Amino acid sequence: MGDRVGDKVAIVTGAGSVGPGVGNGKAAAMLFAREGATVMLVDHNLEAAQESERLIKDEGGECFTSRADVSNSEDCNRIVAECIERYGRVDILHNNVGIEIPGGILDITENDWDRTIDVNLKSVFLMCRAVVPQMVSQGGGAIVNISSINGIRTLPALSGAYGASKLGMVALTREIAVEFAEKGVRANAVLPGMMRTPFVEASLTDAWGGDVEDMMSARDAMIPIGRQGEPWDVAHAALFLASDDAKYITGTTLVVDGALTSGVHIQP
Ligand SMILES: NC(=O)c1ccc[n+]([C@@H]2O[C@H](COP(=O)([O-])OP(=O)(O)OC[C@H]3O[C@@H](n4cnc5c(N)ncnc54)[C@H](O)[C@@H]3O)[C@@H](O)[C@H]2O)c1
């Protein structure tokens, strides 16, 4: 156990995992707890968050779980109030919730568009609006928003709503960073590339023709580093941005993609 975010209270949204294994949110929650934070695990799937709670407590970490739909303002206000009532502060807000409904713009329904924007982008606004006054009153805090390289690149499984929501998160991150810089609130976005997580299997398998292993090898082959990233790679980037090591870093993006957005993969 380390101390990189010792004595801090962190809220992690989407702290469960959509399938068996470890996703980005679960890894970040576990890493924050390993590094000394008390973590509030938020998910609309209570059982998924409770699985993360069990893993953290088995390692001796401090956490508790609360069920919420982060696209709903009442839920967001309630969980932030609950965290403050319990611990008196919120030092880290890690906005990890995201859904992806693949489809080109002629395929995606209006309903899927609205849902994607609500769950991926409006949720960040709602959670930040609920948390920032507390961070200001306690002298500061750190917000980490999990965006995607899909906000700056189009990837093989087309998804206009997803890409738009993820670039929207970057703009919102910058706005918050500038508006609250003098108040000690930092906001940064992590842009993961192709990570091997349950989220990919759940969201993209159909769009790739239905074979998970085929999809995974095709994704590995596209990346200059030769393989997809792990959820822990995203979690370590988030830990850095959330910690005081990043005290002069705000309003920026950190790409975690094995050089995928740097250029095409040149086969030797
Ligand atoms: N895996 C990748 O390749 C990749 C790449 C880039 C970005 N990302 C981003 O990483 C994040 C996903 O990380 P993950 O691996 O933890 O995903 P995940 O889908 O495994 O877990 C997210 C959790 O969010 C919960 N959730 C969904 N909608 C919710 C809502 N409205 N309110 C509360 N909880 C809700 C789900 O129940 C789930 O437990 C997303 O933001 C995604 O866009 C992933």
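Right above here is the structure, for reference.
Residues numbered from 1 in each chain as written. Predicted model: local features only at pLDDT ≥ 70, side-chain atom pairs only at ≥ 80, totals over all residues.

Q: Describe in detail the overall build of the chain, supporting the description with residues and values.
A: Across its full length, the chain holds 8 helices and 7 strands. In terms of overall dimensions, the chain is globule-like: its C-alpha atoms have a radius of gyration of 18 Å, near the 18 Å expected for 268 residues. Expressed as lengths along the three principal axes of its C-alpha atoms, the size of the chain is roughly 50 × 40 × 35 Å. The burial tally for the chain puts 47% of its 268 residues in the buried class. Sequence-distant contacts in the chain: of pairs separated by 6 or more residues, those separated by 24 or more amount to 77%. (Helix = DSSP H or I, 4+ residues; strand = E, 2+ residues; numbered from the N terminus. Rg over C-alpha atoms; globule rule 2.2 N^0.38 Å. Buried ≥ 20, exposed ≤ 12 C-beta atoms within 10 Å, placed from the backbone. Contact = placed C-beta atoms within 7 Å.)

Q: Pulling in residues and values, what's your account of the pairing of strand E2 (residues 38-43)?
A: Most of E2 sits inside the fold, with 6 of its 6 residues counted as buried. Burial along E2 is two-sided: Thr38, Met40 and Val42 facing one way and Val39, Leu41 and Asp43 facing the other are all buried. When strand E1 (residues 9-13) meets E2, the two strands line up parallel, connected through 5 bridges. Bridging across to E2, Val9 finds its partner in Thr38. The parallel pair E1 and E2, bridged by helix H1 (residues 24-34), forms a crossover whose chirality is right-handed. As paired strands, E2 and strand E3 (residues 62-67) are joined by 6 bridges and run parallel to one another. (Pairing = 2+ DSSP bridges. Right-handed = clockwise from strand over helix to strand, strands pointing away.)

Q: Requested: an account of the site of the ligand, with residues and values cited.
A: If you check the shell around the ligand, you find 31 residues, and the closest are Gly14, Gly16, Gly23, Gly25 and Gly98. For the shell around the ligand, the secondary-structure elements that each account for two or more residues are H1 and helix H6 (198-204). Ranked by the residues each element gives to the shell around the ligand, the list is headed by H6, at 3 residues. Of the residues that constitute the shell around the ligand, the class distribution is 15 nonpolar, 14 polar and 2 charged. (Near = placed C-beta within 6 Å. Nonpolar A, V, L, I, M, F, W, Y, C, P; charged D, E, K, R; others polar.)

Q: Tell me about helix H4 (residues 110-138), and name the residues and values.
A: Its 29 residues place the ends of H4 41 Å apart at the C-alpha level, agreeing with the 42 Å of an ideal helix rising 1.5 Å per residue. Of all bends in H4, the biggest is about 40°, found at Lys122. Of the residues one or two after H4, Gly139 is the one with positive phi, at around 100°. (Expected span 1.5 Å × (residues − 1). Bend = angle between axes of the 7 residues up to and from the residue.)

Q: Let's hear about the nonpolar core: which residues, and what values?
A: Counting 68 residues, the largest nonpolar core has Phe32 and Val39 as its most contacted members. Not counting residues up to four positions away in its chain, the partners in contact with Val39 are Ala10, Val12, Ala29, Phe32, Ala33, Ile56 and Cys63. (Core = buried A, V, L, I, M, F, W, Y, C linked by C-beta atoms within 7 Å.)

Q: Explain unusual backbone geometry to me, using residue names and the numbers behind them.
A: A positive phi angle, near 65°, is found at Asp7, a position not held by glycine. Note on placement: Asp7 falls in the segment before E1. Given 10 C-beta atoms within 10 Å, Asp7 falls into the exposed group. In this model, Ala259 sits at a positive phi of 75°, which is unusual for a non-glycine residue. Summarising the element assignment, Ala259 is placed in the segment after strand E7 (253-256).

Q: Tell me about the environment of Ile99, and please be specific about residues and values.
A: Turning to its location among the elements, Ile99 is positioned in the loop between strand E4 (92-95) and H4. C-beta crowding within 10 Å serves as the criterion here: with 19 such atoms nearby, Ile99 is assigned to the partly exposed category. Once the C-alpha coordinates of Ile99 and Ala161 are considered, the two residues, 62 residues apart in sequence, prove to be 10 Å apart. The contacts of Ile99, once residues within four sequence positions are left out, are Thr116, Val119 and Asn120.

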